[in-house]
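# Examining the three-dimensional arrangement
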Amino acid sequence: MKVVKFIMKMTLRWFGSKHDSVTLKQIRQIPGCVGVITTLYDTKPGEVWSPEAIKAMKKEIEADGLELSGIESVNIHDDIKIGLPTKDQYIQNYIETLENLGKEGIDLVCYNFMPVFDWTRSDLAKVRPDGATVLSYDQELVDKIDPTKMFDQMESSSNGFALPGWEPERLARVKELFEMYEDVNEEKLFENLVYFLKAIMPTCEKYRIKMAIHQDDPAWPVFGLPRIINTKENIQRLLEAVPEVNNGLTLCTGSLGSNPDNDIPDMIRSFKGRIHFGHVRNLIHLGPGKFDEAAHLSTDGSLDMYEIMKAFHEIGMEGPIRPDHGRAIWDEVSMPGYGLYDRALGATYLNGIWEALEKTS
Ligand SMILES: O=C(O)[C@@H](O)[C@@H](O)[C@H](O)[C@H](O)CO
Ligand SMILES: [Fe+2]
């Protein structure tokens, strides 16, 4: 019997026992799943993560036979993105957090550089023909939403869970944040990102921490705020501006795939050596600026998951991969996008593709 060599590490995102409906014991039973990607959900952007809290998080995960494969996310304070004078203090705090993570051997940090809002959707429970519900996006609907009400809308449809990237402390400041971003155009945002990365690279080098920026989701500007990580060209520009290997990517197929012009397998091949983490999920294009999330299976959506996994296989992807948002199926109630069942199906499917790639290559 040939043993399948999994270079790629299959993982699942986990929000901690206080915030997640899914348990580590359940995750451990997903075939081939070796670790979790997690965060200290009770910290705010800009805070230093204490060594004790990091140790406790790691210990809890390892006690259930899993590995802490990376952090998603250590969020970036808006002052850094805006480029306020206070940015240096927040960068210093970020560096301390990285040091504390590095001392525990944690070597992967996912983050994003989207102003004010993280991922955005117009519906968190759209019913698909098979009765599953999914996250969906329709630019026409989003255009009708008052951005300051966006937090309320997301919260009221989140099944009572705190949504990642939509932490309530930012809610109170949305109006103020919009004003603060008034003078920040794409160029300025890019400069601020480069400034941040250059400042933290020596620490990343010292502790061998790979920074993995997540793409903008959806892959275009929303509410008139600049977004700069969403095409092959602008990602390439960032990788060149800070050429260290530790300035790398979370390659998120669902985020990039929201724009049908993005050729994802081509991007994976082009960014070889700089992709430290993969988010692999499918979605279905319904028209310009309009998509539903789908099952991971290629035929359920618009992305060719075989071609995507083949590109990952070809570049010798060694970092963790995780199924991304799942559909809500089989009456599961969870944080939208983050139930157990559909993500477990996704992981199993992706592992199956990988096994086939291993055996035919
Ligand atoms: O992965 C996703 O699609 C999202 O859930 C984001 O919240 C993502 O975790 C962040 O943008 C990364 O910082
Ligand atoms: Fe993602």
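What comes next is a walk through the structure. (Residues numbered from 1 in each chain as written. Chains lettered and ligands numbered in written order. Predicted model: local features only at pLDDT ≥ 70, side-chain atom pairs only at ≥ 80, totals over all residues. Heavy atoms only, no water.)

### Overview of the overall build of the protein
As a reminder of what qualifies: Per the convention used, a helix needs a DSSP run of H or I reaching at least four residues, while a strand needs a run of E reaching at least two, with both numbered from the N terminus. The atom set for the radius of gyration is the C-alpha atoms, and the globule formula is 2.2 Å times the number of residues raised to the power 0.38. Burial status follows relative accessibility: with a 1.4 Å probe on protein chains alone, a residue under 20% of its type maximum counts as buried, one over 50% as exposed, and anything between as partly exposed. Note on areas: Shrake-Rupley with a 1.4 Å probe; residue coverage comes only from the protein chains shown. Residues scored as positive are Lys and Arg, those scored as negative are Asp and Glu, and His as well as the terminal groups of each chain are ignored. Note that the charge is assigned to NZ on lysines, CZ on arginines, CG on aspartates and CD on glutamates.
Helix and strand content of the protein: 13 helices and twelve strands. Relative to its length of 361 residues, the protein is compact, with a C-alpha radius of gyration of 19 Å against a globular reference of 21 Å. Counting all 361 residues of the protein, 58% fall into the buried class. Of the roughly 14,900 Å² that the protein leaves accessible, carbon and sulfur atoms contribute 52%. Taking the average place of the 40 positive charges on the side chains of the protein and the average place of its 56 negative ones, the gap between the two points comes to 4 Å.

### Section: the packing of helix H12 (residues 305–314) against helix H13 (residues 341–360)
Here is the rule: Helix axes use the C-alpha atoms of the stretch in contact, all axes being lines fitted to C-alpha atoms, and the angles between their N-to-C directions lie in the range 0 to 180 degrees. An angle counts as roughly parallel when it lies under 35 degrees, as roughly antiparallel when it exceeds 145, as roughly perpendicular when it falls between 65 and 115, and as oblique in every other case. By definition, turning the near helix anticlockwise from the far helix through less than a right angle yields a left-handed crossing, and turning it clockwise yields a right-handed one. A contact between two residues is defined here by any heavy atoms of the two lying within 4.5 Å. Ten residues, namely Ala, Val, Leu, Ile, Met, Phe, Trp, Tyr, Cys and Pro, are considered nonpolar, four, namely Asp, Glu, Lys and Arg, are considered charged, and the remaining ones, Gly among them, are considered polar.
In contact at an axis separation of 10 Å, H12 and H13 are set at 55° when each is read in the N-to-C sense. Taken together, the axis directions place H12 and H13 in an arrangement best described as oblique. The two elements H12 and H13 cross, and the hand of that crossing is right-handed. Between H12 and H13, the residues in contact are Met-305, Tyr-306, Met-309, Lys-310, Phe-312 and His-313 and Tyr-349, Leu-350, Ile-353, Trp-354, Leu-357 and Glu-358, respectively. Split by residue class, the contact of H12 with H13 holds nine nonpolar, one polar and two charged.

### A word on the site of ligand 1
Rules: To be near a molecule or strand, a residue needs just one of its heavy atoms within 4 Å of it. We define a polar contact as two N or O atoms separated by no more than 3.5 Å, with the added condition that, inside protein, one atom must be a possible hydrogen donor and the other a possible acceptor, whereas residues neighbouring each other in sequence contribute only through side-chain atom pairs.
In the neighbourhood of ligand 1, 15 residues make up the surrounding shell, with Glu-72, Ser-73, Asn-112, Asp-118 and Tyr-338 lying closest. A distance of 2.9 Å separates an oxygen atom of ligand 1 from a polar side-chain atom of Arg-13. Contact with the protein chains removes 100% of the 340 Å² of surface that ligand 1 exposes when unbound. Among the residues forming the shell around ligand 1, the class breakdown is five nonpolar, five polar and five charged.

### Notes on the sheet that holds strand S12 (residues 320–323)
Using the following cut-off: A pair of strands counts as paired when DSSP detects no fewer than two bridges linking them.
The sheet built from eight strands closes into a barrel, its strands ordered S1-S2-S3-S4-S7-S8-S9-S12 with parallel pairing. Ignoring strand direction, the axes of neighbouring strands in this sheet form an average angle of 30°. Bridging between strand S7 (residues 210–214) and strand S8 (residues 247–252) involves four bridges; their strand directions are parallel. Considered in S8, the bridge of His-214 is made with Thr-250. Each of strand S3 (67–72), strand S4 (108–111) and S7 touches helix H4 (residues 87–103); the most contacted strand, S4, lies at about 145° to it. Running at roughly 155° to S7, helix H8 (residues 186–207) makes contact with S4, S7 and S8 of the sheet.

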